[in-house]
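Structure assessment
Given next are the chains, with one letter for each unit.
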Amino acid sequence: MKLLYTDIRSPLTAHLAKQAQDLAAAGKRVFYIAPNSLSFEKERAVLEALENQASFAITVTRFAQMARYFVLNDVQDGQPLDDIGLGMLFYRILSEMDDRELEVYGRIKKDAQFIQQLLDLYHELQTAQMTFADLNHLEEPEKREDLLKIFTAFSAALQAGNYDVTSKLTIFSQHILAGDLDGELANLALVIDGFTRFSAEEEYLVDLLHRKGVEIVIGVYASQRAYRTAFREGNLYQASVDFLLKLAQTYGVKPVYLAGGSSQADDAFGKISKILESRYDFSETHVELTEDDRSHLEIWSVRNQKEELEYVAKSIRQRLHDGARYKDIRLLLGDVEAYQLQLKTIFDQYQIPYYLGRSESMAQHPLVQFVESLERLKRYNFQLEDLLNLLKTGLYGDLTQEELDHFEQYLRFADIKGASKLAKDFTANSQGKFDLDRLNHIRRRVMTPLQDFFKSRSQTASGLLAKFTEFVQAARLSDNLTALLQGESQQEQERHEEVWKAFSHVLEQFAQVFADSKVKLDDFLALVLSGMLLSNYRTVPATVDVVKVQSYDLIEPLAAPYVYAIGLTQERFPKIAQNKSLLSDEDRARL
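Residues numbered from 1 in each chain as written. Predicted model: local features only at pLDDT ≥ 70, side-chain atom pairs only at ≥ 80, totals over all residues. Heavy atoms only, no water.

1. A closer look at the overall build of the protein chain
Looking only at helices and strands, one finds 26 helices and 16 strands in the protein chain. Its C-alpha atoms give the protein chain principal-axis dimensions of roughly 90 × 60 × 50 Å. Expressed as a percentage of its 591 residues, the buried residues of the protein chain come to 43%. Sequence-distant contacts in the protein chain: of pairs separated by 6 or more residues, those separated by 24 or more amount to 77%. The positive charge centre, built from 68 side chains, and the negative charge centre, built from 87, are 2 Å apart in the protein chain. (Helix = DSSP H or I, 4+ residues; strand = E, 2+ residues; numbered from the N terminus. Buried < 20%, exposed > 50% of the residue type's maximum accessible area, 1.4 Å probe, protein only. Contact = heavy atoms within 4.5 Å. Lys, Arg positive; Asp, Glu negative; His and termini not counted. Charge placed at Lys NZ, Arg CZ, Asp CG, Glu CD.)

2. Let's talk about the pattern of salt bridges
One side chain can pair with another of opposite charge once the charged atoms of both are near each other. Within the structure shown, the criterion is met by 39 salt bridges. Linking D22 and K18 is a salt bridge whose minimum nitrogen-to-oxygen distance equals 3.0 Å. Linking D22 with K18, this pair stays in helix 1 (residues 12-25), spanning four residues, or about one helical turn. Residue classification places D22 among the partly exposed positions, given a relative accessible area of 38%. Residue K18 is classed as partly exposed on the basis of its relative accessible area of 46%. The closest approach of N and O atoms between K501 and E497, which form a salt bridge, is 3.5 Å. Note that K501 and E497 are positioned in helix 24 (residues 490-513) at a spacing of four residues, about one turn of the helix. (Salt bridge = Lys/Arg side-chain N within 4 Å of Asp/Glu carboxyl O.)

3. What about the confidence of the model for the protein chain?
In the predicted model, the protein chain carries a mean pLDDT of 89, and 98% of its residues have values of at least 70. Mean pLDDT across the elements of the protein chain bottoms out in helix 12 (residues 262-265) (56) and peaks in strand 6 (residues 188-193) (96). (pLDDT = per-residue confidence, 0-100.)

4. Focus on the layout of surface pockets
Summary: where empty space remains is shown by rolling a probe the size of a single water molecule over the atoms. Considering only enclosed or pocket space, the second largest pocket measures out at about 770 Å³ in volume. Forming the walls of the second largest pocket are 30 residues, and the residues nearest its centre are E41, R44, A45, R330 and A559. Within the residue set of the lining of the second largest pocket, elements represented by two or more residues are helix 1, helix 2 (39-49) and strand 9 (329-333). Broken down by class, the residue content of the lining of the second largest pocket amounts to 18 nonpolar, two polar and 10 charged. (1 Å grid on protein atoms, 1.4 Å probe; cavity = no way out; pocket = protein on both sides within 12 Å on 5 of 7 lines; lining within 4 Å. Points joined across faces, edges and corners; volume = space filled by probe spheres on them. Nonpolar A, V, L, I, M, F, W, Y, C, P; charged D, E, K, R; others polar.)

5. Focus: the sheet that holds strand 15 (residues 547-551)
Pairing is parallel across the open sheet formed by four strands, whose spatial order is 10-15-9-16. Whereas interior strands pair on both sides, the edge strands pair on one side only; in this sheet they are strand 10 (354-356) and strand 16 (562-566). The average undirected angle you get between the axes of adjacent strands in this sheet is 20 degrees. Summarising the sheet, strand 10 and strand 15 pair through three bridges and their orientation is parallel. (Pairing = 2+ DSSP bridges. Axes fitted to C-alpha atoms, helices over the stretch in contact; angles between N-to-C directions.)

6. Let's talk about the packing of helix 4 (residues 83-95) against helix 5 (residues 112-127)
Angle between the axes and distance between the axes are the two parameters that describe a pair of packed helices. Two numbers describe how helix 4 lies on helix 5: the axes approach to 10 Å, and their chain directions differ by 115 degrees. Where helix 4 crosses over helix 5, the handedness of that crossing is right-handed. Contact residues: helix 4 offers D83, L86, G87, F90, Y91 and L94, while helix 5 offers F114, I115, L118, L119, Y122 and H123. In the contact of helix 4 with helix 5, the residues fall into nine nonpolar, two polar and one charged. (Left-handed = near helix turned anticlockwise from the far one by under 90°.)

7. Topic: a nonpolar patch on the surface
Where nonpolar side chains cluster on the molecular surface, the patch consists of L236, L276 and Y280 and spans about 260 Å² of accessible area. Counting through the fold element by element, Y280 comes out in helix 13 (residues 268-281). (Patch = residues over 30% accessible without salt bridge, like charges linked within 9 Å, V, L, I, M, F, W, Y side chains within 5 Å. Areas by Shrake-Rupley, 256 points an atom, 1.4 Å probe, with all protein chains shown as cover.)

8. With respect to the sheet that holds strand 7 (residues 215-221)
Taken in spatial order, the six strands of this open sheet run 3-2-6-7-1-8, and their pairing is parallel. At either end of the open sheet lies a strand with only one pairing partner, and these are strand 3 (58-61) and strand 8 (256-258). Each adjacent strand pair in this sheet contributes to an overall mean axis angle of 20 degrees, direction not counted. On the sheet, helix 2 packs against strand 2 (29-33), strand 3 and strand 6 and is oriented at approximately 155 degrees with respect to strand 3. Contacts between helix 3 (residues 63-71) and the sheet are confined to strand 2, strand 3 and strand 6, with strand 2 contributing the most and set at about 150 degrees to the helix.

9. Here we look at unusual backbone geometry
Within the chain, N381 stands out as a residue other than glycine whose phi angle is a positive 60 degrees. Locating N381 in the fold gives a position in the loop between helix 17 (366-379) and helix 18 (384-392). Phi at Q431 is positive, roughly 55 degrees, even though this residue is not glycine. In this fold, Q431 is placed in the loop between helix 20 (419-423) and helix 21 (436-454).

Encoded structure:
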């Protein structure tokens, strides 16, 4: 094993790419491992750093993806379940429990947020290589008993349904322990970049590979001063140095410092980095900034987000005029959610192509709103706004815009609410202003498919899905979605396709999890909606020459020649991690 570290102004990826290239030249099959959040751009950076900008012997990927290469041909005994299916399984077992069985969580057992927290806790236990039995160590007895009951029932349901939820990393580790892959591992090498800690699963896998003689190179950013200091608490490089020292002690390896070019270490940002480090470790520094150094960093103060983004957009246009490319520019956001809408509006106005590298919820897509409106119509007995929202998605029925406007106008005039009023012919009029024959014809076209579908009682999953299929055919959902694609850009068409795949997948997971169970229509619609709201789409940029936009905590050193960081208010910077799980920090410490 090799442990390497270098200053923040030194190109660590280029150093590690050279290590990977040397290992490949020696006949090794090299996996260049990066964190999930950086793997896409890391692949590009590594390939650019290679001599021929390509190599069949070097694969840039993530830990989980690397494991898939080795277990790809394994025959799965059980049925695979993803997060949507697992969430449905939690919903099923909680539905079967009486409220009084759970002292703490009884009243919120079907809440979507609570089920998501249970799912997060399940994954957290998996990643930490713990079982639900470890929850016995929780201090609060009521909470402990509730969680143990839930996870005991969940584990029994997994076994009864023969579901396979073992992670690829765990399966890979089992193969290594059994000696099934000794021949392939003899020729394997790992180069690991971008980590300051490993999960329990990753740490265990690295240890197994090291014991099998796999050559492993790990690189991090840290200064020599930080590495040599005796007191690291609060140091700028504390996480990196702690990570290095733990690995050095575990494997008996001395970390090696990689000296960078003096030009970058002594440039404006090299000096600023040294000053910043000295502020955190309370040491003295004799670095002086010249006026030229100060000109490389600007601090803006503005009144609101709109003004801030307009300044950025104007500055980007000026840089393009001076010869920069979009791909040379990086925009960091303190709060991605808060800036997302304004960002699109202003960048579109200034004709700046950008790529927001994060999963985006499908919640605003018309198909998700179609499902949400259905669920609310059933739950709240045909409230006016829910019915209008369904019709305005453009995915239900074959009403023209003029018919829809006329129908809405009458419903608001006559104050039509509830299933009983919508089931009867309209009779109220205002001096013959409304064509009641036409309106009743529209009412029947709207209500007949809904009434037929909502008559469905508790039945098996297959029966409900058959009814739902009949309903979407009567509603002309597929035809309306196809019409929605007309005239859309290629990127928008791909997004629509992703949503349809997610919709189909949610229905497949429902059929799998509830195969032998009776389900109420209300629960079916709630589950489909929950699955759709959990679905995200993420598309790659249509072109390489775009401004990359991301959360500021995902940036790497030397990422781009020009960087704008906005929204760095006291509330958002530095970032404070918020614990939103079912376990408190004290619970985690106890476990």
